[in-house]
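Read off the chains here:
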Protein chains: 2
Amino acid sequence: MKKIESHRSFAGHQEVWEHQSEVLGVPMKVGVWVPDGADHTTPVLYFLSGLTCTEQNFITKSGFQRIASELKVLVVAPDTSPRGEGVPNDDAYDLGQGAGFYVNATQAPWSKHFKMYDYITKELLALVENQFPNSGKRGIFGHSMGGHGALMIALKNPGMFQSVSAFSPIVAPTQVPWGEKAFGAYLGPDREAWKAWDTCELIKSAKERLHILVDQGADDNFLPQLQPELLKEACEAHDHPLTLRMHSGFDHSYYFISTFIEDHFRHFASSI
Amino acid sequence: MKKIESHRSFAGHQEVWEHQSEVLGVPMKVGVWVPDGADHTTPVLYFLSGLTCTEQNFITKSGFQRIASELKVLVVAPDTSPRGEGVPNDDAYDLGQGAGFYVNATQAPWSKHFKMYDYITKELLALVENQFPNSGKRGIFGHSMGGHGALMIALKNPGMFQSVSAFSPIVAPTQVPWGEKAFGAYLGPDREAWKAWDTCELIKSAKERLHILVDQGADDNFLPQLQPELLKEACEAHDHPLTLRMHSGFDHSYYFISTFIEDHFRHFASSI
């Protein structure tokens, strides 16, 4: 890994690292906030971003560094897809580069590079946790498409994370336009195959009862894509612990994320 | 004024307003954070941004909304220059659009539109304070070119502001390359005329002793343009109260601003 940015930020440094991803076959950038004196007691929190985002959005706009500094947490914010020449793309903002959806694509032309699930779970965690001193305690959270990624990845990997939460997640990608479009392209027409990547489906067979925190703006323009009530129903039907908070007046933006970011760090800190 | 953005943010709304500026002769955008229940007890804090910035940088990257919410302050963040077709510009980032330097230009082609001093002090304050309930108590602060703007404007207008502070300000524009270039273009070759817009010069004849807070990154790449020691010398020589804090490791970025933003709000709150 090569450090390409470093800025002093609260009691730590906001860094951006670049590395050649074996899984994705391209160079990838990742934001890492490193608390001063990081050591074997330092837990690691992963944030997965939403559609159109790079590694920059969360690190420049969420204001997380203040609470990460207080709680002394290593924070990792990867890019949302492979990028660059030679990587397939689409003119739409919700497919291709910037829209990896955290799945392993099986369909051409996406299947060569779009393996964000393997990238996060197999390559990034090992790379980061080998590079930076840490306690081995991990949490994961995300926003929108990244909220889907965080919930889905935690549910598919019992024991890997000690906490999970999300802002405005796509909880049922198999049932909403964003997910139908992306899953159709990346995974093909067989809707049965999509279910392995759908939070509301995965809740049905969850092997651990990790308490899920979800914050959702009640005035989010994208509610038809998000449908938090489907997560509520699935969790109630399958006795899965969920705190779903609907926030009047809030939208889908980083103004919403920054308002409640501290609570997600405290949710993580209280779980490890 | 026309509201063009509104986002719920902590206990308030981050808004962006647009209005036709009579002083500048073009439409201008301004960020306004409005606390819930703003009334005749609500003070107003103005933030002036640095080179290349629009009204967006401070409102999306500084994280000020948390402390503004706690202290219930109306926060106003204007653009840094007139913009658009018909407004003169320069290919360089440090002249023309995005680089108004908060002066009134006297030289063609700039003199028609580049009147940021009059815009801030005469038009914007009246417009904002007519539109939003407030106590009439005001502070001003800024970053880099905007730190220069805040200090210079406060010094030239005794009684207008109850507090002033700055991050990484250009304190002596008449003595550094950024200022020499901009003042030469906007104000012409007579260096005597520049002094009316230079903080270190204005300190010599300051009519009130407003306590200045300055935070400066000790590892800021732009230190040769900023020269905080010149402000220190001027304040010491003329008995002007100054708290100058040099912060080891910090650079010129919003990571620096966000780390210390709370202190500037508390400086303001303790002055009104």
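The shown structure was predicted, so the numbers you read here are calculated from the model rather than taken from an experiment. (Residues numbered from 1 in each chain as written. Chains lettered and ligands numbered in written order. Predicted model: local features only at pLDDT ≥ 70, side-chain atom pairs only at ≥ 80, totals over all residues. Heavy atoms only, no water.)

Draft legend 1. Up close: the relation of the copies chain B and chain A. The transformation that overlays chain B on chain A combines an axial shift of 0.0 Å with a rotation of 180°, and the residual RMSD is 0.0 Å. Here the transformation between the copies is reduced to the relation of a two-fold axis. (Least-squares fit on C-alpha atoms with pLDDT ≥ 70 in both.)

Draft legend 2. Helix 10 (residues 254-269) of chain B, seen in detail. Residues and elements named next belong to chain B. The end-to-end C-alpha separation of helix 10 is 22 Å, in line with the 22 Å expected for 16 residues at 1.5 Å each. The largest bend in helix 10 is about 50°, located at Phe260. Of all 16 residues that make up helix 10, twelve are buried, and the element is covered over most of its length. Taken as a whole, helix 10 has its buried residues at Tyr254, Tyr255, Phe256, Ile257, Ser258, Thr259, Phe260, Ile261, His264, Phe265, His267 and Phe268. At the N-terminal end of helix 10, a side-chain oxygen is found 3.2 Å from the backbone nitrogen of Tyr255, two or three residues along, and the residue is Ser253. (Helix = DSSP H or I, 4+ residues; strand = E, 2+ residues; numbered from the N terminus. Expected span 1.5 Å × (residues − 1). Bend = angle between axes of the 7 residues up to and from the residue. Buried < 20%, exposed > 50% of the residue type's maximum accessible area, 1.4 Å probe, protein only. Polar contact = N/O pair within 3.5 Å; in protein donor to acceptor, adjacent residues only side chain to side chain.)

Draft legend 3. Summary view of the pairing of strand 3 (residues 27-35) of chain B. Residue and element names in this part refer to chain B. Counting buried positions along strand 3 yields seven of nine residues, so the element is predominantly enclosed. One ladder, built from nine bridges, connects strand 2 (residues 12-20) with strand 3; its direction is antiparallel. Its bridge partner lying in strand 3, Gly12 is registered against Pro35. Remark: six residues form the turn of the hairpin made by strand 2 and strand 3, two consecutive strands paired antiparallel; Gly25 in that turn has positive phi of roughly 75°. Here four bridges tie strand 3 to strand 5 (residues 74-78), and the two strands are oriented antiparallel to one another. Counterpart to Val32 in the pairing with strand 5 is Val76. (Pairing = 2+ DSSP bridges.)

Draft legend 4. Quick peek at the interface of chain B and chain A. Across the contact, 20 residues belong to chain B and 20 residues belong to chain A. Together, the buried faces of chain B and chain A total about 1,700 Å²; carbon and sulfur atoms form 56% of this surface. Among the residues chain B hides against chain A, the three largest losses belong to Arg8(B), Phe10(B) and Tyr255(B). Together they make up 40% of the total. Viewed at the interface, chain A and chain B are joined by four residue pairs in polar contact (both at pLDDT 80 or more). Going through the elements one at a time, strand 1 (2-8), helix 1 (56-61), helix 2 (65-71) and helix 10 of chain B are the ones with two or more residues in the side of chain B that touches chain A. It is helix 10 of chain B that contributes the most residues to the side of chain B that touches chain A, four residues altogether. Here the residues of the side of chain B that touches chain A are counted per class, giving five nonpolar, eleven polar and four charged. (Contact = heavy atoms within 4.5 Å. Buried area = accessible area lost by both parts, 1.4 Å probe. Nonpolar A, V, L, I, M, F, W, Y, C, P; charged D, E, K, R; others polar.)

Draft legend 5. Focus on the environment of Leu48(A). Residue and element names in this part refer to chain A. As for its placement among the helices and strands, Leu48 is situated in strand 4 (residues 44-48). The buried category is assigned to Leu48, whose relative accessible area is 1%. Residues Leu48 and Gly217 lie 169 residues apart in sequence; the distance between their C-alpha atoms is 18 Å. Among all residues touching Leu48, those that are not within four sequence positions of it are Pro78, Tyr102, Ile120, Ile140, Phe141, Gly142, His143, Gly146, Gly147, Gly149, Ala150 and Ile153.

Draft legend 6. Spatial organisation of the UniProt feature "active site" (unreviewed entry) in chain A. All names here are of chain A. The sites that carry the UniProt feature "active site" (unreviewed entry) are, in the present numbering, Ser144, Asp220 and His252. What stands out for the annotated residues spanning 109 residues is how close their C-alpha atoms remain, the widest pair being 10.9 Å apart. Structurally, Asp220 can be placed in the loop between strand 8 (212-217) and helix 8 (223-226). Not counting residues up to four positions away in its chain, the partners in contact with Asp220 are Ser168, Leu226, Phe250, Asp251 and His252. A distance of 2.7 Å separates the side chain of Asp220 from the backbone nitrogen of Phe222, its partner in a polar contact. Structurally, His252 can be placed in the loop between strand 9 (242-247) and helix 10 (254-269). Given a relative accessible area of 13%, His252 falls into the buried group. (UniProt positions renumbered as here; feature names shortened; annotations may be inferred.)

Draft legend 7. Here's a closer look at the pattern of salt bridges. Applying the stated criterion to the full structure yields 30 salt bridges over all chains. Of the charged contacts in the structure, one is a salt bridge between Arg266(A) and Glu262(A), with a shortest N-O distance of 3.0 Å. Taken together, the positions of Arg266(A) and Glu262(A), both in helix 10 and four residues apart, correspond to about one turn of that helix. With relative accessibility at 34%, the residue Arg266(A) sits in the partly exposed group. Glu262(A) sits in the partly exposed class, given a relative accessible area of 24%. Between Arg191(B) and Glu180(B) there is a salt bridge, with the nearest N and O atoms lying 2.9 Å from each other. With a gap of eleven residues between them, Arg191(B) in helix 6 (residues 191-194) and Glu180(B) in helix 5 (residues 177-187) connect regions that are remote in the sequence. (Salt bridge = Lys/Arg side-chain N within 4 Å of Asp/Glu carboxyl O.)

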